[in-house]
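One letter stands for each residue in the lines below.
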Amino acid sequence: MNSVQRSILFSAADRYGSLGLFIVATAVLARLLSPAEFGVYAVVNAITAVIGASFQEFGGGNYLIQKRDLSAADVGSAFTITLGISVAIALLLFVLAGPLSDLFAQEKLKRGIEVSALNFLLAPISGTISALLRRDMKFGTLAICNFTAGAAVALVSIGLAIADFSYMAPVWGGLAGNVILTLALIVGHRDFGVLRPSLVDYREVVGFGLYSSGVSVINVFYNLAPQLFLARILDFVSVGLYSRAINLTQVFDKLVTQVLNPVVMPAIVARRNAGEDLKAVYLEAIELLSGAHWPFLIFVALMARPMIAIWLGPTWLEIAPLVRLLCIANMALFAACLSYPMLVAVGSVRDALISSLISLPPSLLVILGASFFSVQAVAASALLTLPFQAAVAIYFIGRHLRFGLKDLVRALMKSTLVTAATAFGVAGCAALTEAGMLTSLAGLVSAMCVASICWWLGLLLVGHPLLHQLHRAAAGLIRVAPKLRPSRSAL
């Protein structure tokens, strides 16, 4: 296995371990917290994430990863700037906690925001070390640290929810997880020199950060805006319902995209440095991603009700229409995880910001208008906003890499046929489940089996390159497995 494949393997172990914890914790918390309680937590999370994204990327991980020749002064400058900004953010959140709770007419927000603000005091340490581990492709160490932190989040959140801490249970759980993550990273990296303060190269760090933080804040605000709009205009029950629908829609992101995200930036930068054709790299990548992304979203859209009934319980069944709308809309984002890394790789982080400024403000206006009607209208608005955002991002990338609509259609044709084959098989199981001929569990298991068979046959019949990559990955795992087993002498 080459370094990228090995990194993806470790990243997959990291994300799938975290996903398992997330699924269990979400299933338990969904039965312990009401939609309104979860809505309060979602708004606390949204507020802190938006304010944090406004500043943290000034010295964030992307600068450390994309830097060609990284010196101790670069690392020290990035850490120092991040530290100063993070402390300022924590203080700002403490000051704004009261006014923000008044703005949303929800007194409970104040305590949640104050506790969440403490996370920013840990972010400079964990963020700097994580970025350096990603740059060096040390995803095995990252996997252990992240899984340990995820276990802490799940255990503390569930324990406090049982103890009737209400919406504060996941807030305290998140803080406990960040403390454990920071300690684990310090132990795993063992180089305290990277945390030495310095401002030698502050100009370059801030220069990159101006564009990078701009991209970050506008994208984070856009992703969390529906929760904020719904909380301000409708109610916290709507926030809870929409947030749970988003959680289910983003299962693919947790299964695949978040596995690739830590690897994508360093891998693309490495291939750029090796002189490879980035146009071919991009078109190959979107063909592989769409071949997995589209069939998965179609599966979730068709089997939304049984998945919700089993995972979250009957209390949350009314989010099924929201999940279907969001799944169809999210099919437009098949290449989203490549957009920012690709523009950075071609030396145009500025275009990443420009494309966000073109596509996201109009999208926010559409969501704001929809929030005056209902949570269903907000979900339906994604059918307009997400394809528009994808088109703008692909246009900017295509301008740099010199590919057109024909190249894009050619790269996506096989994935379209594979998706149609998968949908055909799953639709039958969905119809039987809706008619009551299969229970939710039997229908879901049957649909998973049928979907797997139809997807595999589709890949085989059209000769999709994803099939070759899966074979290579399986062969790599077979070769690596003996090395992971303890020797007889060690037993």
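Residues numbered from 1 in each chain as written. Predicted model: local features only at pLDDT ≥ 70, side-chain atom pairs only at ≥ 80, totals over all residues. Heavy atoms only, no water.

Let's shift gears to the nonpolar core. Core analysis: the biggest nonpolar cluster contains 103 residues, and Tyr282, Ile286, Phe299, Ile308, Ile319 and Val323 have the highest contact counts within it. With twelve residues, the top contributor of residues to this core is helix α12 (residues 278–302). In contact with Tyr282, not counting residues within four places along its chain, are Ala335, Leu338, Met342, Ile394, Ile397, Leu401 and Phe403. By size, the runner-up hydrophobic cluster in this structure holds eight residues, among which are Leu142, Cys145, Ala184 and Leu185. (Core = buried A, V, L, I, M, F, W, Y, C linked by side-chain atoms within 4.5 Å. Buried < 20%, exposed > 50% of the residue type's maximum accessible area, 1.4 Å probe, protein only. Helix = DSSP H or I, 4+ residues; strand = E, 2+ residues; numbered from the N terminus. Contact = heavy atoms within 4.5 Å.)

This paragraph deals with the packing of aromatic side chains. Under the defined criterion, the tally for this structure stands at three aromatic pairs. Seen in terms of ring centroids, Tyr395 and Phe396 are 5.5 Å apart; in terms of plane orientation they differ by 80°. Their pairing is edge-to-face. Here Arg244 stacks its cationic end above the ring of Trp316, 5.3 Å away from the centre of that ring. (Phe/Tyr/Trp six-rings, centres within 6.5 Å; stacked < 30°, edge-to-face > 60°. Lys NZ or Arg CZ within 6 Å of the ring centre and 35° of its normal.)

A word on the packing of helix α13 (residues 304–311) against helix α19 (residues 440–462). In contact at an axis separation of 9 Å, α13 and α19 are set at 120° when each is read in the N-to-C sense. When the axis of α13 is compared with that of α19, the two are oblique. Between α13 and α19 the crossing geometry is left-handed. For the pair formed by α13 and α19, the contact residues are Pro306, Met307, Ala309 and Ile310 on the first element and Ser440, Leu441 and Leu444 on the second. (Axes fitted to C-alpha atoms, helices over the stretch in contact; angles between N-to-C directions. Parallel < 35°, antiparallel > 145°, perpendicular 65-115°, else oblique. Left-handed = near helix turned anticlockwise from the far one by under 90°.)

In this fold, Asn330 is placed in helix α14 (residues 320–330). Here Asn330 is in contact with Thr249, His293, Leu297 and Leu386, once residues within four sequence places are set aside.

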